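Structure at a glance
These are the residues of each chain, in order.
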Amino acid sequence: MAKNKCIPLFLMSVLVLAGMTWGCNRKDVSDSQGPLLGAYPSDAPENLSDRRLSDIFSKVSEICLETGDSCLIGDYNSKFVKRNGVIYVKSLNEIFLFDDKGKFLRKVSKVGNGPGEYDGIRDFDIVPGERGDEVWVCASNGIFRYNSATADFIAKINYKGYPNQLKYVNDTTIIVVSPGKKWINVCRTDGKVRKQFLDKDLSIASHKIAQFNKVGHRVFYQLEDSNMAAVYNELTDSLCMEQIFSGTIGLPTVEDYRSYHEKYGDFKFYEPIAKDFNRLSVVRTCGNTYYALISNSDGKMELVVSNGEDTAKFLYNPKEITTFNDLAPDVDVRYLITPMATDSDDGILFILEKEEDVESNPCILDIQGIL
């Protein structure tokens, strides 16, 4: 059985695409509604070592995904999505489906060059359809629709270009991320591009595995580990750039990334950026709830959570003994960064991999309550 390799990417890796810059016109700016997640909490962070994770997260369930030769997750680029009680996991060129207890259900495995077959999976999303949920696979030869309940092929969307990331917005709109002069494309659900934005710019060219978030009617895409995001407003059908948090929190701006890229060159600028700035490593939303993790320049981590009414932030050092980790005491506390590769319709997901179980599929910590 192949060794499971999904977790290391969540801890340290990003994928690199052709880059982008922002171009906001006057109409875009007028549609701005302010910071996406509101004000960054101004109070000094509480020391997490004085608390327990169970004090912060509630309604917690651990879901261990079934392991078998037909469903072993072995991809560094794995993405975990939960929709309507079903857990979808990208592994190499397949998507595994598990129920909410971790039982393996079926898989979408249609790699090839024939009708209804994709040449590889770059991304996927779960889309509500007339006959139940559908799995939309993003491949270089198009976007492919499959029935979630049967894994049967439904139809192909002939997107003109090379789609790298996909986000379903509503029954008339999807967002496709692809390399080229314009990087983010607002499309009809038949693949026809309606709007484009973000010009090529290698200084802000990397992306996280699950990078789209939604707040109300605004779908946003964080730029690098900055405090800025590209935003699509589905009510006004407009585009703009917004701050994620308001307030001064030491995060780099897009202009900082450009300046450091110009000074140090491709890929070499990430290390000096990390030394000089804090970085918003993870931001994940679900309804009025959000989870954010900031990597401080001194090596410490700042955890910020909100349930829509109450907000709190906590400071911890991942290199020290972490007595607060009572939810998964036998797993390295770095699992707190794994929501960068997950998406859920009813909570926040963490991926757990125990060192002694490297030949097994990971477990999922499903959090449905904060504070």
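First, a word on scope: everything that follows refers to the structure included in this document. (Residues numbered from 1 in each chain as written. Predicted model: local features only at pLDDT ≥ 70, side-chain atom pairs only at ≥ 80, totals over all residues. Heavy atoms only, no water.)

Comments concerning the sheet that holds strand β11 (residues 153-157)
Strands sit in the order β8-β9-β10-β11 across an open sheet of four strands; the sheet is antiparallel. Each end of this open sheet is capped by a strand with a single partner; those strands are β8 (123-129) and β11. Pairs of neighbouring strands in the sheet enclose a mean axial angle of 25°, with direction left out of account. Where strand β10 (residues 142-147) lies against β11, four bridges are found, and the strand directions are antiparallel. Opposite Ile-143, over in β11, you have Ile-157 as the bridge partner. (Pairing = 2+ DSSP bridges. Helix = DSSP H or I, 4+ residues; strand = E, 2+ residues; numbered from the N terminus. Axes fitted to C-alpha atoms, helices over the stretch in contact; angles between N-to-C directions.)

Here's the deal with the layout of surface pockets
Within this model, the second largest pocket holds a volume of roughly 430 Å³. The wall of the second largest pocket is formed by 22 residues, among which Arg-83, Lys-167, Lys-214, Asp-343 and Asp-345 lie closest to the centre. The element that contributes the greatest number of residues to the lining of the second largest pocket is strand β17 (residues 212-215), accounting for four residues. Partitioning the lining of the second largest pocket into residue classes produces eight nonpolar, six polar and eight charged. (1 Å grid on protein atoms, 1.4 Å probe; cavity = no way out; pocket = protein on both sides within 12 Å on 5 of 7 lines; lining within 4 Å. Points joined across faces, edges and corners; volume = space filled by probe spheres on them. Nonpolar A, V, L, I, M, F, W, Y, C, P; charged D, E, K, R; others polar.)

Focus on the pattern of salt bridges
In this structure the tally under the stated criterion is 20 salt bridges. Across the salt bridge formed by Lys-82 and Asp-346, the nearest N and O atoms sit 3.3 Å from each other. In this pair, Lys-82 is assigned in strand β4 (residues 80-83) and Asp-346 in the loop between β25 (342-344) and β26 (348-352), connecting sequence segments 264 residues apart. The exposure class assigned to Lys-82 is buried, which follows from its relative accessible area of 4%. Linked by salt bridges that have partners in common, Glu-46, Arg-51 and Asp-55 make up one network. (Salt bridge = Lys/Arg side-chain N within 4 Å of Asp/Glu carboxyl O. Buried < 20%, exposed > 50% of the residue type's maximum accessible area, 1.4 Å probe, protein only.)

Things to note about the pairing of strand β7 (residues 104-108)
Here strand β6 (residues 94-98) pairs with β7 via four bridges, running antiparallel. Paired with Ile-95 across the two strands is Val-108, which belongs to β7. Linkage of β6 to β7, two consecutive antiparallel strands, is achieved through a turn of five residues, within which Gly-102 is found at a positive phi near 95°.

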